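Descriptive structure summary
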Amino acid sequence: MFSRDEVDVDAPAPDFDAFVRARTPALLRLAYRLTGDQHLAEDLVQSALGLTHRAWRNLHATGNAEAYTRKTMYHLQVSHWRRRRIVESFPGVVPDRPAIQTDHAEQTALRLSLHSALSRLTAKQRAVLVLRFFDDLTEAQAAETLGVSVGTIKSQTAKALERLRVLAPELAGVTVSGEMRRGLSEIAAEVEAVDLRERALATSRQIRVRRTVTAAMAGLAAASLSVAVAVWPDHPPRPPAVEPAPSPTVLPTEQQSGGPDLGPLKSATITVPSWGAAADATCPTGRVTLRDGQYQRDAAHRPVNVLSYVTVDVDHDGAEDYVAHLTCGEGPEAGGRQIVAFRRSGQELELIGRVVGTQDGLAMMDYLEARDGGRIAVLVSKEYSDGGQNTVPNQWRVYAWQDGRFRQVDGPTAFPPRPPTALLSVAPPSLSFRPQDNGFTGQMTVTVRNDGIVDVAQLEILLVLPKQVQPAGEDWDGCTVRAGSDQTTLVCGVPGPRAQSHTSRRFTFVAADKPVLVDDPVNLGNHYVSVSQAPPFNGRVTINDPEAVIPITVP
């Protein structure tokens, strides 16, 4: 007997056959980008097509077959992240460059360098790069595709790009995303076309047999239990007394950010100072008018963006001034970043001066604070990372307006050769329920270790659990519930662990019905924990395995 979502693997499926014939070449190219091996690519596509065949009726009716298959491929690849490392088959040796090169030869050498470097990344790093730089997905879209948090996408992207810089330092001066796209295209062109229809159907049959055997074993276990109860003596043991279960705790709903409040800098006329001698010529300077915090001159120039601002009387004239974080463009290829101070002058904001920027040898400065005495504190980094400023060495530097210019008055002036780092990891928790009243109750402890030498001020813990599981008790200070999900999604802000220490948080849950665990090939499932660092930052933070599956047991 087949479920409504499955098809008889022995029955003709002309639509599925046509789908396999039409889309297998493209799916193989994607698989080859992910695995770097012909046989592994074939296995990955075969497994994904087998699962697609099991759900073909619904997928074909809704037109979502290819999206489902591609998403399944990504998840099947991700599911191997912690179990094995893919054996690479890409060439690992880059030819020596000739002494004199043409532009074409230079580009060829760069692509070969990137090709070699990509082959030495881990499977998870390459999967994230394919999503971000080849499929052009946003961090949120990539996280949804892989069934992980945005923080995981950020951290894995940062690690991958940092690894590329180490493996191929000659790529530092080129457009990485453009070279990466070309390199991934060349990789995909190496895969050989293969007919995978019969192998996919064989995989589909194996899935059906496995599910049938599992269902049969469950039925036998239930029958055995019934027989045991039937032959039990007339005086069964008295059930143990149970205490009343705690009531579910109603948590506030998480407030989704609608973007930063840009205040007077949302719509204003300002003067943009120079981005520095090494800045891209497409970065606008001079008098510009902002609309919704952005100025776009034309298609040939990058936009000027206002990311954030603080108010502080920097020039001590008794009136508040505005200190803004400006960028030329955005993301890893931004033409420049700078912190700039303005004063109110009629309907315009008059330029006071530049506090600090990329022209000072810095790459990131995402956080700024107003300090006493008209001073401005800026969190600066010499390296850029899509994973966030906390994933690269950073330090607070303080500036003040003196003698007609901004000068640094406090904080370090250089980065040490070995910057201090926090090393975080989450210990896999377990949640064991016991019967209580007419339902179940259980407790779980989440522990986050810090094996580094930097204290972490604040953490965010994300708990994803079956919808039958609800928070209970008084252990939920600082927690919210995330709306719009068919599972229980809880977000908790907790104090972070100090250096060489750990922090633990206990949570209590109730379930009126037995929790239904979901483990599917497309998403992580509905029972895992994820941790990330929350501002304020103070030093580099590395998080190893930020997510862990929560084993749940119910009697």
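See the structure shown above.
Let us look at the structure shown here. (Residues numbered from 1 in each chain as written. Predicted model: local features only at pLDDT ≥ 70, side-chain atom pairs only at ≥ 80, totals over all residues. Heavy atoms only, no water.)

Things to note about the pairing of strand β8 (residues 364-371)
- The sheet contact formed by β8 and strand β9 (residues 375-381) spans six bridges and is antiparallel. Looking across to β9, one finds that L368 is bridged to V378.
- Between the antiparallel neighbours β8 and β9 lie three residues, among them G373 with a positive phi of about 75°. (Pairing = 2+ DSSP bridges. Helix = DSSP H or I, 4+ residues; strand = E, 2+ residues; numbered from the N terminus.)

Quick notes on the state of the cysteines
- Scanning all chains against the criterion turns up two disulfides.
- The disulfide partner of C479 is C492, and the S-S distance across this bridge is 2.1 Å. The chirality of the disulfide connecting C479 with C492 is right-handed, given an S-S dihedral of about 115°. Residue C479 is located in strand β17 (residues 479-481), and its partner C492 is located in strand β18 (residues 488-495); the two are separated by 13 residues in the primary sequence. For the pair formed by C479 and C492, the shared burial category is buried.
- When the bonded cysteines of the protein chain are numbered from the N-terminus onward, they pair as 1-2, 3-4. (Disulfide = S-S within 2.5 Å. Buried < 20%, exposed > 50% of the residue type's maximum accessible area, 1.4 Å probe, protein only.)

Points about the nonpolar core
- In this structure, L34, V45, L49, M73, Y74, L146 and I153 are the most contacted members of the largest nonpolar core, which totals 35 residues.
- Of all elements in the fold, only α1 (14-35), α2 (38-54), α3 (56-62), α4 (65-78), α6 (123-134) and α7 (139-146) reach the threshold of two or more residues within this core.
- Looking at which element gives the most residues to this core, the answer is α1, with nine residues.
- Core analysis: the next-biggest nonpolar cluster, separate from the first, contains 33 residues, L251, V446, V456 and F507 among them. (Core = buried A, V, L, I, M, F, W, Y, C linked by side-chain atoms within 4.5 Å.)

Thoughts on the sheet that holds strand β15 (residues 458-465)
- Taken together, the five strands give an open sheet; going across it, the order is β17-β18-β15-β20-β22, and neighbouring strands pair in antiparallel fashion. At either margin of the open sheet sits one strand with a lone partner, and together these are β17 and β22 (547-549). Strand after strand, the sheet turns through a mean of 20° between neighbouring axes, direction not considered.
- Note: β17 against β18, three bridges, orientation antiparallel. Bridge pairing in β18 links T480 to V491. (Axes fitted to C-alpha atoms, helices over the stretch in contact; angles between N-to-C directions.)

Side note on the environment of T488
- Of note, T488 is situated in strand β18.
- It is 5.1 Å that separates the C-alpha atoms of T488 and L465, two residues lying 23 residues apart in sequence.
- Residues contacting T488, with those up to four places away along its chain left out, are L463, V464, L465, P466, K467, V469 and Q470.
- Side-chain polar atoms of T488 contact the backbone oxygen of V469, separated by 2.8 Å.
- A polar atom in the side chain of T488 sits 3.4 Å from the side chain of Q470. (Contact = heavy atoms within 4.5 Å. Polar contact = N/O pair within 3.5 Å; in protein donor to acceptor, adjacent residues only side chain to side chain.)

Section: the pattern of salt bridges
- All chains considered together, the criterion is met by 10 salt bridges.
- Among the salt bridges present, the one from R132 reaches E139, with a minimum N-O distance of 3.9 Å. Note on accessibility: R132 and E139 belong to one class, buried.
- Between D315 and R343 there is a salt bridge, and its shortest N-O distance comes to 2.9 Å. Linking D315 in the loop between β4 (304-312) and β5 (321-328) with R343 in strand β6 (residues 336-345), this pair joins segments that are 28 residues apart in sequence.
- Judged by its relative accessible area of 16%, D315 is buried.
- Overall, R343 belongs to the partly exposed group, its relative accessible area being 22%.
- Residues participating in the shared-partner salt-bridge network are D315, R343 and E350. (Salt bridge = Lys/Arg side-chain N within 4 Å of Asp/Glu carboxyl O.)

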